[in-house]
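Understanding the architecture of this molecule
Below, each chain spelled out in residue letters.
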Amino acid sequence: MPTRVKRRSRKAGLPPGALIHVGDKLAETTKITLLDYDESRSQEHDIRTVSECRPYKDRLSVTWIHIDGLHDTHVLEELGDIFGLHALTLEDILNTDQRPKMEDFGEYIYIVLKTFDHSGDQRNEIIPEQISIVIGSGLVISFQEKETDLFKPIRDRIKAGKGRLRKSGADYLAYTLIDAIVDHYFGILELLGEKIELLEESLVRNPSMGTLQAIQHLKREMLFLRKSVWPLRETINSIERSESPLIHETTGIYLKDIYDHTIQVIDTIETFRDMLSSMLDIYLSSISNRLNEVMKVLTIIATIFMPLTFLAGVYGMNFKYMPELEWPWGYFMIWGIMIAIAISMIFFFRKRKWL
Amino acid sequence: MPTRVKRRSRKAGLPPGALIHVGDKLAETTKITLLDYDESRSQEHDIRTVSECRPYKDRLSVTWIHIDGLHDTHVLEELGDIFGLHALTLEDILNTDQRPKMEDFGEYIYIVLKTFDHSGDQRNEIIPEQISIVIGSGLVISFQEKETDLFKPIRDRIKAGKGRLRKSGADYLAYTLIDAIVDHYFGILELLGEKIELLEESLVRNPSMGTLQAIQHLKREMLFLRKSVWPLRETINSIERSESPLIHETTGIYLKDIYDHTIQVIDTIETFRDMLSSMLDIYLSSISNRLNEVMKVLTIIATIFMPLTFLAGVYGMNFKYMPELEWPWGYFMIWGIMIAIAISMIFFFRKRKWL
Amino acid sequence: MPTRVKRRSRKAGLPPGALIHVGDKLAETTKITLLDYDESRSQEHDIRTVSECRPYKDRLSVTWIHIDGLHDTHVLEELGDIFGLHALTLEDILNTDQRPKMEDFGEYIYIVLKTFDHSGDQRNEIIPEQISIVIGSGLVISFQEKETDLFKPIRDRIKAGKGRLRKSGADYLAYTLIDAIVDHYFGILELLGEKIELLEESLVRNPSMGTLQAIQHLKREMLFLRKSVWPLRETINSIERSESPLIHETTGIYLKDIYDHTIQVIDTIETFRDMLSSMLDIYLSSISNRLNEVMKVLTIIATIFMPLTFLAGVYGMNFKYMPELEWPWGYFMIWGIMIAIAISMIFFFRKRKWL
Amino acid sequence: MPTRVKRRSRKAGLPPGALIHVGDKLAETTKITLLDYDESRSQEHDIRTVSECRPYKDRLSVTWIHIDGLHDTHVLEELGDIFGLHALTLEDILNTDQRPKMEDFGEYIYIVLKTFDHSGDQRNEIIPEQISIVIGSGLVISFQEKETDLFKPIRDRIKAGKGRLRKSGADYLAYTLIDAIVDHYFGILELLGEKIELLEESLVRNPSMGTLQAIQHLKREMLFLRKSVWPLRETINSIERSESPLIHETTGIYLKDIYDHTIQVIDTIETFRDMLSSMLDIYLSSISNRLNEVMKVLTIIATIFMPLTFLAGVYGMNFKYMPELEWPWGYFMIWGIMIAIAISMIFFFRKRKWL
Amino acid sequence: MPTRVKRRSRKAGLPPGALIHVGDKLAETTKITLLDYDESRSQEHDIRTVSECRPYKDRLSVTWIHIDGLHDTHVLEELGDIFGLHALTLEDILNTDQRPKMEDFGEYIYIVLKTFDHSGDQRNEIIPEQISIVIGSGLVISFQEKETDLFKPIRDRIKAGKGRLRKSGADYLAYTLIDAIVDHYFGILELLGEKIELLEESLVRNPSMGTLQAIQHLKREMLFLRKSVWPLRETINSIERSESPLIHETTGIYLKDIYDHTIQVIDTIETFRDMLSSMLDIYLSSISNRLNEVMKVLTIIATIFMPLTFLAGVYGMNFKYMPELEWPWGYFMIWGIMIAIAISMIFFFRKRKWL
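Remember, it's a predicted structure, so these values are computed and weren't measured experimentally.

Within chain A, the secondary structure is distributed over eight helices and seven strands. For 355 residues, the compact-globule formula gives about 20 Å, and the C-alpha radius of gyration of chain A, at 34 Å, lies well above that figure. Counting only residues that meet the buried cut, chain A has 40% of its 355 residues in that class.

As structure tokens, this is what we get:
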């Protein structure tokens, strides 16, 4: 697992609002897509230079600007200049180590969210990605570290012109984006649920030190997920209760709906955590059980053979006068005694339910 | 246990309010029952097509529509159309993975609850089922995934015309439904209480890896139950404090009563969880105790026979000059010494309370 | 321990307010005692039929009706009829599985409390009992499952006419009853404190599986007690803050006093719980310690005798040419070597502090 | 440790406000000291009979009456009579089993606090003592179970006439008393910190069952301390926020200061609790480690000598035809084989890092 | 680790506001630096005597006085005299055992914060240091125990005259100082993150008693850090919400930004704590696993060789009539039987997955 503490420290000593990208550079280039629509039409542009966005600033239509790739700080600076974003907002967009939050700057609302992806390799880890959304008047700007197809269905729905989306304002678009992000969590949880089930099976079949490490690894992923989803609840709640004129009252009920989904996600995470905890208990007690098994085998063997070996040792002594040695059936008698001892020992263990 | 995360992910990418049934299709067909009553009369109908409900919309009498089976989304769409239900309400009714909640849409109040059933097979698991209740003006619509006889006594009481039910409004009917659901929890808890008692006995008699798994299984069922009952408390509280004109003030005291029952259910669940935790402690320490027992047997046997075998070995040596071997009573003396050693060992173990 | 979930389920399907006694029938008959007093006089009656209480309804004096035994639902129905008790209050009085609570019905205040008794047998278990108190205007009705002498000192004080009691109203009488109940908890806690001390001693002297079960049993009793006392705090607090005209302002400071006592009871219960937890830790680590002891004995014996037995075995071999066997002092030399090995082993164990 | 539940039960059945001393009688006699001062002078009296205090009742100067020893209930009754203390206040002063609290009776403020002392014996236990403070207008009465020199520096400062004390009112004197009590906690914590350090050393050097008991003992003392300090925080907070005219606004900032100290005390207690918990973990795992050590020794000895003894046994057999026995170098060869086996075993254990 | 309870007790008995330095004297001398600036110019002074600060008291420019070294109480007394600091503020500055807090004295705001440094030695421990900040009108006074270069970049930025700093008031300067302190935490967390990773590796490679102690040591450092950062959150929050005219509204958004960073620090600390807890679990179960391994080796050896040694013992007996001994192939037969037993034992262990 990569260290979870990103190298923020190189920001130390810099003035606040200094634009430095904190995080792994996931995307090679910065790609800007602009989608402008109202009830009657929709129009998509691939933007080359940021200044092309300027004409869309004060239109009556809804403008959605989506930026993939955050490493080019100049693009952000220019965008901030055009749309009047605060230096701290730009700093937060670049610092991909944020926890979900919502900030009302009056002119616009700034929202940070986390989404998760699974790495393609066989370790199948979950990888966090930060998504920033700026809601202005008739304007939504979304920022993503790396291009994914998370928002593609929304773009398609806008182009197709079906549903409420084209008829509603920028706040409904922002809601749709957040909804897509929250819905994506359910997919991640299903994946983790499957991992847990596989682990449960291997726990019953063949518990090993590797099982333990897998449990602990999943626990940490849960912890990580939880760290992102708990503040999400608060964030959505504060958007819902915000008195900003940018959020219309009719959107409130949709935000309440996402809020409920978020709580469901949290519930599932907590359930998974509890399941992993009891798997740990089962693992630990299965180790103890196996120790018991091993010790029983040892004890049974020792308890049967020690008296027998002792007896054989006795009749291996070289005393001059040992009457039994002279008896013609002595040897067979001693075999008889030995077998009797062994059988009675086995009966004893049967009674104690060790065999 | 079936995976607890239902396949919500196929909803991803769809617009909010899209009607897709999330959950296992429990019922084969959708069955609609309509019961219309006022103080003087009651009338029951089996509805074939949803449009038959339309005439009952604005009557002064109380109309109770009960739907069994949720997989037919068309039925819901039509019902939503007739009674003016919001798209998100319909979505929530179909999504059977909700946590209990109450939402006031002004025109109507929407309530989601969970009930539990035991599977008939020998595993005797508890199976959750979602019940949605819509309270309108003079109208109650209840939705259930599968037909059970949970609400039968209420239907019978309405038909019989006894008690407050016929004299009261839709909110009292809704209260009666919720009361039936909460009362049903006590039955489930009794069943689980019996399971716990059986487990406690088997824990004393013969603790095994299976006991541990049964404890963990019950713990998980408790967790599951708790996840449903905790928000239930909040839900009933918010119905009680709701200022909706659909809930009359006189119903408040009855809701307070259910609220108390819910807290009792929660208390019992917490008690069961604590009992299961201490059963786990007892299980784990009984494993340690048994290891101690096993090791004591081994140690006693080894401690008695090792010195004896050594002695026998000594007099089995072939040295030319070993005076004891020549003694006429040597052999009997050595037996005497051996028996003395064995007896003193046994005394030593008695003193240490190992025997 | 009896199952803690009382058979409430037979109430399922009945309308709310249905009067069914939930609980074990502790008393054989229902006994009603009426005590009517004001500053100048007091008068006690044994009531045969409930209707005898009717004349005391609207008097200026304070009337205290005490009912022992709840199984006769007719008595309750009639009482409820005379004094205007709500159906849900009657249901709650009969349902002896309530948690402490206070409900203000306007006309009267209904309070449920729990008291505890020790069973007389050698198991010395604590047995819960529910006490309901109804405070009306100039009226206190108290309900108890079984006759005890808990309230006898109060009755005596009223008859003797000493103290504030005779000069004060019904609310002060109710306070005195609650005070008696809360004071009774201290006695129960002393008993449990003694049990814990006995257990601590036996834990040091001779820890066994029985000690563990006794610890767990006490933990469960604590849990049980706690479940009753936590809501009690809330209950007394809500009586104190209640704005009902039935509670005079001057009684407030007395209720605050009981509130403090309740917190003291809770503190003590929490301390006991912590003490029991650390006793569990000590028990578990004493098991591990004893395993260590057992294994040390085994290891010492094996480590001393295995090399010796091996040596004896060597000189028991039958090789034709074994020079040591021919040496005249061979046998004594080998004894010397063996004793040297044994002594050096013992030194080794001394150094490791095993002996 | 003495049982922490004081015999309160003998109060059961008595009316509230009954004056009975609950606690161990720590002092032999009751000693009353009166100190009367204003900005210009201070005067100290040893009071013989309580009525001597009466003239100081309504003076403009500040009067501080300090009572050592609580067993003489008559003294209290008379004091209560002179200064108008409520019966419940007197009861609380005598009941030395209180948790810290503050009660505003209008005419005066009643504060209960706990201080701690170390017993002089070698067990060095901490012993709680209750201090009650009554703040009236120009009056402070303090009650202590046993005479200590806790308040001596304050008395000296008043007599010396330095600092703010002489210039300020009764509330500042009360603050100074509370400050002395809270500062005293730091000394107790240092003592406990030293105990913990000693224990940590003995845990590393030589962990034993006694170490475990010492850890548990300290944990219980922490628990006990914590039980007193947590409500103290609340108490000081409520004095600070109290709107009583007896507390001047200028004293607020000093109370805030004590409040901060209390939080520091709580922080330290929590840190100590965490340290003791991890010491418990270290203790438990050191037991497991030692078991591992013991078992390794046993396994190494057994694994080396069992095959050797077997080999010696083989050549001790008495078969007629055993060719090796006849070989002239047979005996030396077998020694060679045995030594080779032993050495290869030791290499095996080295590789496994057991040696 | 040094004892965490600083010797506060020598303050006991002194009046409140007595100036005594509580803490280790970290700096040899007290060094005072004064920096006076406005938008157009900046001027730095090294102050020899405190009275040199007096002329800067009521200027319109921003004055930043920084004091390194707290042991000289006279310097503080004089400063307090010049700038009107309350005796309790001076006491708090000297008492370096404070938890972070903010106090509004009207004329000025007093803030206590904690920073951490790593000791240079190989133990690489974190060492706390207290920083006090006083914000007045156009004035910031900062107090540090020991000179570090924490604030050097800020001083350089002021001198260079870039950024907002020169244009803004004293509150923005104070914010910049707090920001530097909070940013410094990220460096400490990275260091600790690396320590945890190293520990994780050594846990997998070679867990030992030392690993356990290192885990516990890190846990305690986390605890320690957490104790400082939790109140920091509250502190920054209360500065932000403070209605003091000393904090301008425009600074609010910057304080919100630090608040978010503080929460990120807390999140990381909690994650580290969870990671250390699961490392403890892995450590403990790896001990159990190794015990299992050891016991398996012992059991395998014993189970194979005990029956063989028994057999060899049997044919070492000296009975007169033992037919097998006479058989010419007896010896080779017995070898065959022994090898067969050994092989079947090995197969048995293979089947049980012990080999």
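Non-glycine residue Lys353 of chain B carries a positive phi angle of around 60°. Assignment of secondary structure puts Lys353 of chain B in the segment after α8 (330-351).

Of the transformation superimposing chain A on chain E, the axial component is 0.0 Å and the angular component is 72°, with the fit at an RMSD of 0.1 Å. Here the symmetry operator amounts to a five-fold rotation axis. Using C-alpha coordinates, one finds that chain A approaches the rotation axis most closely at Gly316 of chain A, a distance of 4.6 Å. Looking at the interface residues of chain A, only 18% of them are also at the interface in chain E, so each copy uses its own face.

By a frequent convention, interface size equals the accessible area lost on bringing the separate parts together. Contact with chain A, which involves 45 residues of that partner, is made by 51 residues of chain E. Sorting the residues of the side of chain A that touches chain E by element identifies α5 (209-241), α6 (252-314), α7 (323-326) and α8 (330-351) of chain A as the ones contributing at least two each. If one sorts the elements of the side of chain A that touches chain E by residue count, α6 of chain A sits on top with 16 residues. Within the side of chain A that touches chain E, the residues separate by chemical class into 25 nonpolar, nine polar and 11 charged.

Moving on, we come to the domain arrangement of chain A. Domain boundaries in chain A define domain 1 (12-285) and domain 2 (290-351). The centre of domain 1 of chain A, based on its C-alpha atoms, is set 74 Å off from the matching centre of domain 2 of chain A.

At an RMSD of 0.1 Å, chain B and chain A line up after a rotation of 72° and a shift of 0.1 Å along the axis. Counting the interface residues of chain B, we find that no more than 17% of their copies in chain A are interface residues as well, pointing to two distinct contact surfaces.

Right, let's talk about the interface of chain B and chain A for a bit. Each partner contributes to the interface: chain B provides 46 residues, whereas chain A provides 51 residues. Among the elements of the structure, α5 (209-241), α6 (252-314), α7 (323-326) and α8 of chain B are those that each provide at least two residues to the side of chain B that touches chain A. Looking at the side of chain B that touches chain A, the element that brings in the most residues is α6 of chain B, giving 16 residues. Here the residues of the side of chain B that touches chain A sort into 25 nonpolar, nine polar and 12 charged.

On to the sheet that holds strand β5 (residues 109-118) of chain A, then. Residue and element names in this part refer to chain A. Judged by pairing direction, the sheet is mixed, and its seven strands sit side by side in the order β2-β1-β3-β7-β6-β5-β4 without closing on themselves. The open sheet has two edge strands with one neighbour each: β2 (42-47) and β4 (101-104). Across the sheet, the axes of successive neighbouring strands diverge by a mean angle of 15°, strand direction being ignored. Relative to β2, strand β1 (residues 31-37) runs antiparallel, the two being bridged by six bridges. Paired with Leu35 across the bridge in β2 is Glu44.

On to the sheet that holds strand β6 (residues 126-136) of chain D. Residue and element names in this part refer to chain D. Taken together, the seven strands give an open sheet; going across it, the order is β2-β1-β3-β7-β6-β5-β4, and neighbouring strands pair in mixed fashion. The open sheet has two edge strands with one neighbour each: β2 (42-47) and β4 (101-104). Neighbour to neighbour, the strand axes of the sheet diverge by 15° on average, direction disregarded. Contacting β3 (62-68), β5 (109-118), β6 and β7 (139-144), helix α4 (residues 170-205) crosses the sheet at an angle of about 170° to β6.

All names here are of chain A. The element β5 is largely enclosed, with a buried count of eight among its 10 residues. Pairing geometry for β4 and β5, over four bridges, is antiparallel. Across the sheet, the residue bridging to Glu103 is Tyr110, located in β5. The hairpin turn running from β4 into β5, its antiparallel successor, is four residues long, and Gly106 in that turn takes a positive phi close to 85°.

Right, let's talk about the packing of helix α5 (residues 209-241) of chain E against helix α6 (residues 252-314) of chain E for a bit. Residues and elements named next belong to chain E. The interhelical angle for the contact between α5 and α6, taken along N-to-C directions, is 160°, at an axis separation of 9 Å. The orientation of α5 with respect to α6, classified from their angle, is roughly antiparallel. Every pair of crossing elements has a handedness; the one defined by α5 and α6 is left-handed. Across the contact of α5 with α6, the residue classes tally to 22 nonpolar, four polar and six charged.

Conventions we followed
Residues numbered from 1 in each chain as written. Chains lettered and ligands numbered in written order. Predicted model: local features only at pLDDT ≥ 70, side-chain atom pairs only at ≥ 80, totals over all residues. Helix = DSSP H or I, 4+ residues; strand = E, 2+ residues; numbered from the N terminus. Rg over C-alpha atoms; globule rule 2.2 N^0.38 Å. Buried ≥ 20, exposed ≤ 12 C-beta atoms within 10 Å, placed from the backbone. Least-squares fit on C-alpha atoms with pLDDT ≥ 70 in both. Contact = placed C-beta atoms within 7 Å. Nonpolar A, V, L, I, M, F, W, Y, C, P; charged D, E, K, R; others polar. Domains from an automatic or database assignment. Pairing = 2+ DSSP bridges. Axes fitted to C-alpha atoms, helices over the stretch in contact; angles between N-to-C directions. Parallel < 35°, antiparallel > 145°, perpendicular 65-115°, else oblique. Left-handed = near helix turned anticlockwise from the far one by under 90°.

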